[in-house]
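Reading the structure
These are the residues of each chain, in order.
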Amino acid sequence: MKSLLHSHSRNLFWKLAAFYATYFFVFGIYMPYWPLWLNDIGLTPVEIGWVLAGAFWIKVIVQPAVAHFSDATGRTRILTAVLMGMSAIGFIILSDLRSFWLVFLLTLITAACYQPVLPIMESVILHFTKIRKLRYGDIRLWGSVTFIIATLGGGWLFDEGRSDRIIWLLVGGMTLVSLSCLLVPNPARLERTGSKIKTHMQIFLSPLFIFFLITTGLTHVSHSVLYGFGTLYWLSQGHSEVIIGFFWSVGVLAEIVLFTTIGRIEKQIGYLLLLSLASVAAVIRWPLLAIFDSQFAIILLQILHGFTFGAAHLGAMAFLTQNVPQEISATGQSWYYTLVGGIFSGCMLPFAGMLYSDLAGDAFFVMSCVAGCSLISLFILNQIAKQNPEAISN
C-alpha cells in the first residue's frame, strides 16, 4: 500500500513539474525576447513599456473573476487548458500586426487568457504539495530548468535579426502548456459558507496581508527596467543575443540553486527572512548593474537573481500557504498576482519605459530606490507579524 501511494505521489510530482516546465519555457522566451520583437517591428521604448504594462493591467480585471470561478467550480484542468489554447491563437494573430494600437489591444485580449493560469495552477500545486507531502521547491525548479533552455536556445535562434521566430516559439510553447494543464487533476472542492467568506475577506484586508503585498510588490517591480529593457540595454552595450541569453540563464540557474537548497528548509527559515534576503539583494544588485558592463561583472550580478526573485517567490508562497485557507487558495493567489504583478507592475512598466528612454542604464539607480522602499515596508510587516506569532514561521 505504501509503495502504491509513493508511486501515485511520484506520478503527481511529474505532472505538476510538467506544468512548470512548459509554462516557464514560454516565459523564458517571452520575458527576454518579446521586447526585442516589439522593438524590431518599430515600437519605441515608451510604446514597448505600454504594451508590456497592458499585459499586466488586464490581471486586475480577469484574475479575480477567473479565480473566483475556479474556486466555485473546482474545474481547474479544463479551464486552464482552454485559456492557454486561446492564448496560442492570440499570438498567431499578433504575428501579422505592426501597428502600436493593434498590438496593444490584442496583447490585452491575449493576456486576459494566459494571465489567470499561473495563480490558479499555483494554488492547485500548493494544495497537492501540502496533502501529498511534496516539496514545492523541487517541483518549481523544473520551470527554472526550462527557462534556462529557452533563454539559451533563444539567444542562438534569434541572433542576427531572426526575431520573427519568437512568436512561433511562443505559440508552440503555449500549446504545450495547455496540454500539461490537462494532466493535472482537479483539487477537491471545499464548501464555502457565507460566514467563512466574510472571514476570508477580513484576511485580505488585514494589515498583515496588505503590508505583505506592499513588500513583495516593491521588490517585484524593482525588476521592471531589467524585465522590460534588459535585453535592449545589453545589446546597446555590444553584447550579442547569444551572450544575453546566457546572462538570463545565469540568473535562473541561481534560482535553481536557491530552490534546491533554501527551498528544502524554507519552513525553518520562514517567509520574513526570505523576503528580507530578496529586498537587500535588490538594493545591492541594481546600482551595480548600472555601473558595470563587462560580461564577467554582469554574470556575477545575475547570480543575485536567485535572491531578488527566487527568495521573494519562496517567501510569498510560504506566506500564502500559511495565511490563506485552502478553500479560497486560488482567490488568494489571484489577489497576490493581480496586485503585485498587475497593478504594481502595470503602473511601473510605462514609467520604466520613460526612465530607460531618458536615462538608459542609469534607470537601474531608481530601481534600487524602489527596492529600498520595500525594506521600510518589510520593517512594518515584521512588527505586525510579531503581534501574530503564528504568522511568523511557515
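Residues numbered from 1 in each chain as written. Predicted model: local features only at pLDDT ≥ 70, side-chain atom pairs only at ≥ 80, totals over all residues. Heavy atoms only, no water.

Let us look at the overall build of the protein. Counting its regular elements, the protein contains 17 helices and 0 strands. Residues counted as buried form 58% of the 394 residues belonging to the protein. A sequence separation of at least 24 residues applies to 86% of the contacts in the protein between residues at least 6 apart. A total of about 15900 Å² of accessible surface is found on the protein, and carbon and sulfur atoms cover 70% of it. (Helix = DSSP H or I, 4+ residues; strand = E, 2+ residues; numbered from the N terminus. Buried < 20%, exposed > 50% of the residue type's maximum accessible area, 1.4 Å probe, protein only. Contact = heavy atoms within 4.5 Å. Areas by Shrake-Rupley, 256 points an atom, 1.4 Å probe, with all protein chains shown as cover.)

Here helix H5 (residues 117-131) is 15 residues long and its end C-alpha atoms lie 22 Å apart, about the 21 Å a rise of 1.5 Å per residue gives. With 13 of 15 residues buried, H5 lies mostly within the body of the structure. Looking one or two places after H5, you find Lys133, whose phi comes out positive at around 55°. (Expected span 1.5 Å × (residues − 1).)

Detailed reading of the predicted model is not advised wherever pLDDT is low. Mean pLDDT over the protein stands at 84; residues scoring 70 or higher make up 89%. Element-level pLDDT for the protein is lowest in helix H8 (residues 194-204), with a mean of 59, against a maximum mean of 94 in helix H14 (residues 295-302). (pLDDT = per-residue confidence, 0-100.)

We now examine unusual backbone geometry. Unusually for a residue other than glycine, Ala360 sits at a positive phi of about 55°. Counting through the fold element by element, Ala360 comes out in the loop between helix H16 (329-359) and helix H17 (363-386). Looking at Ala360, the relative accessible area reads 34%, which means it is partly exposed.

This part is about the packing of helix H13 (residues 271-291) against helix H15 (residues 305-323). Close contact between H13 and H15 brings their axes to 7 Å; oriented N to C, the two are set at 155°. Compared by their axis directions, H13 and H15 come out roughly antiparallel. Our pair here, H13 against H15, has a crossing hand that is left-handed. In contact with Tyr271, Leu274, Leu275, Leu277, Ala278, Ala281, Ala282 and Arg285 of H13, H15 contributes His305, Phe307, Thr308, Ala311, Ala312, Leu314, Gly315, Ala316, Ala318, Phe319, Gln322 and Asn323. Class assignment for the residues of the contact of H13 with H15 results in 14 nonpolar, 5 polar and 1 charged. (Axes fitted to C-alpha atoms, helices over the stretch in contact; angles between N-to-C directions. Parallel < 35°, antiparallel > 145°, perpendicular 65-115°, else oblique. Left-handed = near helix turned anticlockwise from the far one by under 90°. Nonpolar A, V, L, I, M, F, W, Y, C, P; charged D, E, K, R; others polar.)

With 128 residues, the main nonpolar core has Phe19, Trp34, Leu38 and Phe91 as its most contacted residues. The greatest single-element share of this core, amounting to 17 residues, is contributed by helix H1 (residues 2-40). Here Leu38 is in contact with Leu43, Ile48, Val51, Leu52 and Val103, once residues within four sequence places are set aside. (Core = buried A, V, L, I, M, F, W, Y, C linked by side-chain atoms within 4.5 Å.)

A few words now on the pattern of salt bridges. Following the criterion strictly, the structure yields 1 salt bridge and no others. Ionic pairing is found between Glu255 and Arg140, a salt bridge with its closest N-O pair at 3.9 Å. Of this pair, Glu255 sits in helix H11 (residues 241-261) while Arg140 sits in helix H6 (residues 136-157), placing them 115 residues apart in sequence. The pair Glu255 / Arg140 is uniform in exposure class, with both members buried. (Salt bridge = Lys/Arg side-chain N within 4 Å of Asp/Glu carboxyl O.)

Applying the stated criterion across every chain, the model contains 28 aromatic pairs. Plain terms: the ring middles of Phe212 and Tyr336 are 5.7 Å apart, the flat faces sit at 25° to each other, and that makes the pair stacked. You can see Phe212 sitting in helix H9 (residues 207-221) and its partner Tyr336 sitting in helix H16, a full 124 residues away along the chain. Each member of the pair, Phe212 as well as Tyr336, is classed as buried. For the ring pair Tyr271 and Phe319, a centre distance of 5.1 Å and an interplane angle of 90° mean the geometry is edge-to-face. Note that Tyr271 is positioned in helix H13 and Phe319 in helix H15, a separation of 48 residues in sequence. (Phe/Tyr/Trp six-rings, centres within 6.5 Å; stacked < 30°, edge-to-face > 60°.)

Taken together, the side chains of Ile78, Val82, Met86, Leu176, Leu179 and Leu182 present a nonpolar region at the surface, about 530 Å² in accessible area. Counting residues per element, the ones that place at least two in the nonpolar patch are helix H3 (76-94) and helix H7 (165-183). Relative to the helices and strands, Leu182 resides in helix H7. (Patch = residues over 30% accessible without salt bridge, like charges linked within 9 Å, V, L, I, M, F, W, Y side chains within 5 Å.)

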